[in-house]
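# Results of the structural survey
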Amino acid sequence: MMIKDRHLTDYELTDFFMKLEHKNSKIDNNLRIEAMLLQQMDPILGWQRLRSNMEVFSKNPVAEVKVKGIPVKLVLNKTRTPSIKSNTFEKKAANTSHKRCLLCELDKGQRGILIEDEKYIVLANPGITLPGDLTISSVKHEKQILTGHFQDMIEVATNLFHFSIYFNGALAGASSPHFHFQAGHKDKLIGEHQIQTLLAGKSIGNTSLNSIILTHNFRLFSLKNYLRTGHLFTTKNPKRMVHFIQFYSDKLLHISKKIKVHPNIPNFGEYINSLQDKESEGRMNIMLKYYPESDEYIAAFFPKRTSRPKRYFKKGKNQIILGIAIKESLGNLITCRKKDFEILKNHPDLIEEAYRDTSITKNTLLELNEFLKDYSL
Ligand SMILES: [Zn+2]
């Protein structure tokens, strides 16, 4: 079965549109995706793996931990195990090109919505952080490289405004080498609330925004004392957003060339088996969303050295299985073993350490901020 044959037509979704009570709104891709999520959870028509993961999800223990005054949500979620432990982009990872690609060969019952002139298919993400999580996968098998997809990312965010669009770079937490964005219902993650609070001029713990560029239609900030390095960017101009992501990516690449983290993680620029190429873009997690009410785009960029904290590679009781990708950058830390959940719950300093291990260093951030000042409007 071809990927395009997995598309759910409006006819197939009829019953599910009814459940959404959308009476006054016209059917657009936001509604189609909401209906698809209901269809995939249907006991007869749906996707069995999603249904069983949802069952596990509903029993997940959750804790809120304050790390230096900043609340972080900690979850024990076994359905995320394959993503957290994925070694697709690790040094020892063998050439996986012969392996079955889960985004090329979809599971039985897995259906989705084709968007952007059938260039992408929107699927329910079976590794659930929050119900409604999506994988927006390229219909063709392409490498997990953002260059060439900036425009697509803005268009997807503009059209799917019920959702926040996420991207994990290949060595910044992506678990599949097949090009994909992720998405989730907008403003549900704890870090998304914190970003809105900070942009509104309020504080969280000692976190503040350090303004880099400020004009009436362009705001760029560096996050200060937020445990992880990051930048926020807002504009009402979609072309400016495309242009700025390009600029940011170029500058990040420039400062990334010295990255050397751990023997198990490739040094920046090395040949990566699963990409079948040398690493060619900076390591980062991105969140992008669009608010039609105010016609505004908000992006958060989290530049990284790696997605793996040092303790991931320790042995025995010193090991903590944790990866820092976009959901974690947005304050939602996912563990897949009870032991790690308990340790992190009782040791906020280890959460701080995980963010620090994976972020770019203080000096590199200062260097990057200097480059970003040069962005010309
Ligand atoms: Zn593929």
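See above for the structure.
A brief report on the enclosed structure follows. (Residues numbered from 1 in each chain as written. Predicted model: local features only at pLDDT ≥ 70, side-chain atom pairs only at ≥ 80, totals over all residues. Heavy atoms only, no water.)

Per the stated rule, a full pass over the model turns up two cavities of 30 Å³ or more. Its volume calculated, the largest cavity comes out at about 80 Å³. Classifying every residue of the lining of the largest cavity gives four nonpolar, four polar and three charged. By volume, the second largest cavity amounts to about 50 Å³. Lining the second largest cavity we find Pro 309, Arg 311, Ile 320, Leu 322, Leu 344, Leu 350, Glu 353, Ala 354 and Asp 357. Ranked by the residues each element gives to the lining of the second largest cavity, the list is headed by helix H10 (residues 348-358), at four residues. (1 Å grid on protein atoms, 1.4 Å probe; cavity = no way out; pocket = protein on both sides within 12 Å on 5 of 7 lines; lining within 4 Å. Points joined across faces, edges and corners; volume = space filled by probe spheres on them. Nonpolar A, V, L, I, M, F, W, Y, C, P; charged D, E, K, R; others polar. Helix = DSSP H or I, 4+ residues; strand = E, 2+ residues; numbered from the N terminus.)

So, about the coordination of the zinc ion. Taken together, Cys 101 (SG), Cys 104 (SG), His 141 (ND1) and His 178 (ND1) make up the full set of protein donors to the zinc ion, lying 1.9 to 2.3 Å away. Around the zinc ion sit four donor atoms, and with donor-metal-donor angles ranging over 105 to 117° the site reads as tetrahedral. Read in sequence order, the donor residues coordinating the zinc ion give the pattern C-x2-C-x36-H-x36-H. With Cys 101 in the loop between helix H4 (81-84) and strand E3 (112-115) and His 141 in the loop between strand E5 (134-138) and helix H5 (150-159), this pair connects stretches of sequence that are 40 residues apart. For His 141, a relative accessible area of 46% corresponds to the partly exposed category. (Donors = N, O, S within 2.8 Å, 3.2 Å for Na, K, Ca; no water. Tetrahedral: all angles 85-135°; square planar, octahedral: opposite > 155°, others 65-115°. Buried < 20%, exposed > 50% of the residue type's maximum accessible area, 1.4 Å probe, protein only.)

Pairing is mixed across the open sheet formed by three strands, whose spatial order is E1-E2-E15. Only two strands of the sheet have a single neighbouring strand rather than two, namely strand E1 (62-67) and strand E15 (332-335). On average, adjacent strands in this sheet sit at an angle of 30° to one another, irrespective of strand direction. Strand direction decides the pairing type here: strand E2 (residues 70-76) and E15, joined by four bridges, are parallel. Among the inter-strand pairings, Val 75 is bridged to a residue of E15, identified as Ile 334. Relative to the sheet, helix H6 (residues 190-199) contacts E1, E2 and E15, its axis offset from that of E2 by approximately 165°. (Pairing = 2+ DSSP bridges. Axes fitted to C-alpha atoms, helices over the stretch in contact; angles between N-to-C directions. Contact = heavy atoms within 4.5 Å.)

Another aspect to go through is the sheet that holds strand E14 (residues 296-303). Sheet strands pair via backbone hydrogen bonds, and the direction of the pair is either parallel or antiparallel. Taking strand neighbours across the sheet as the criterion, the 10 strands line up as E3-E4-E5-E7-E6-E13-E14-E10-E9-E8 in an open arrangement whose pairing is antiparallel. Taken across any chain shown, the strands that pair with only one partner, and hence form the sheet edges, are E3 and strand E8 (208-215). Sheet twist, expressed as the average angle between the axes of neighbouring strands with direction ignored, equals 20°. Here strand E9 (residues 218-224) runs beside strand E10 (residues 231-235); their pairing, made up of five bridges, is antiparallel.

On the secondary structure map, Gln 182 appears in strand E7 (residues 180-185). A polar atom in the side chain of Gln 182 sits 3.2 Å from the side chain of Lys 327. Not counting the four nearest positions on each side in its chain, Gln 182 is found in contact with Asn 125, Leu 134, Ser 164, Ile 165, Tyr 166, Asn 168 and Lys 327. (Polar contact = N/O pair within 3.5 Å; in protein donor to acceptor, adjacent residues only side chain to side chain.)

As a further point, take the packing of H5 against helix H7 (residues 238-256). Packing of H5 against H7 leaves a shortest axis separation of 9 Å and a crossing angle of 135°. Between H5 and H7, the interaxial angle falls into the category oblique. Pair H5 / H7 crosses with right-handed handedness. Across the interface between the two elements, Phe 150, Gln 151 and Ile 154 from H5 touch Pro 238, Met 241, Val 242, Ile 245, Gln 246 and Ser 249 from H7. Each residue belonging to the contact of H5 with H7 can be placed in one class, and the counts come to six nonpolar, three polar and no charged. (Parallel < 35°, antiparallel > 145°, perpendicular 65-115°, else oblique. Left-handed = near helix turned anticlockwise from the far one by under 90°.)

Next up on the list: the environment of Asn 217. Note on placement: Asn 217 falls in the loop between E8 and E9. Given a relative accessible area of 25%, Asn 217 falls into the partly exposed group. With 17 residues separating them along the chain, Asn 217 and Thr 234 place their C-alpha atoms 7.7 Å apart. A distance of 2.7 Å separates a polar atom in the side chain of Asn 217 from the backbone nitrogen of Lys 236.

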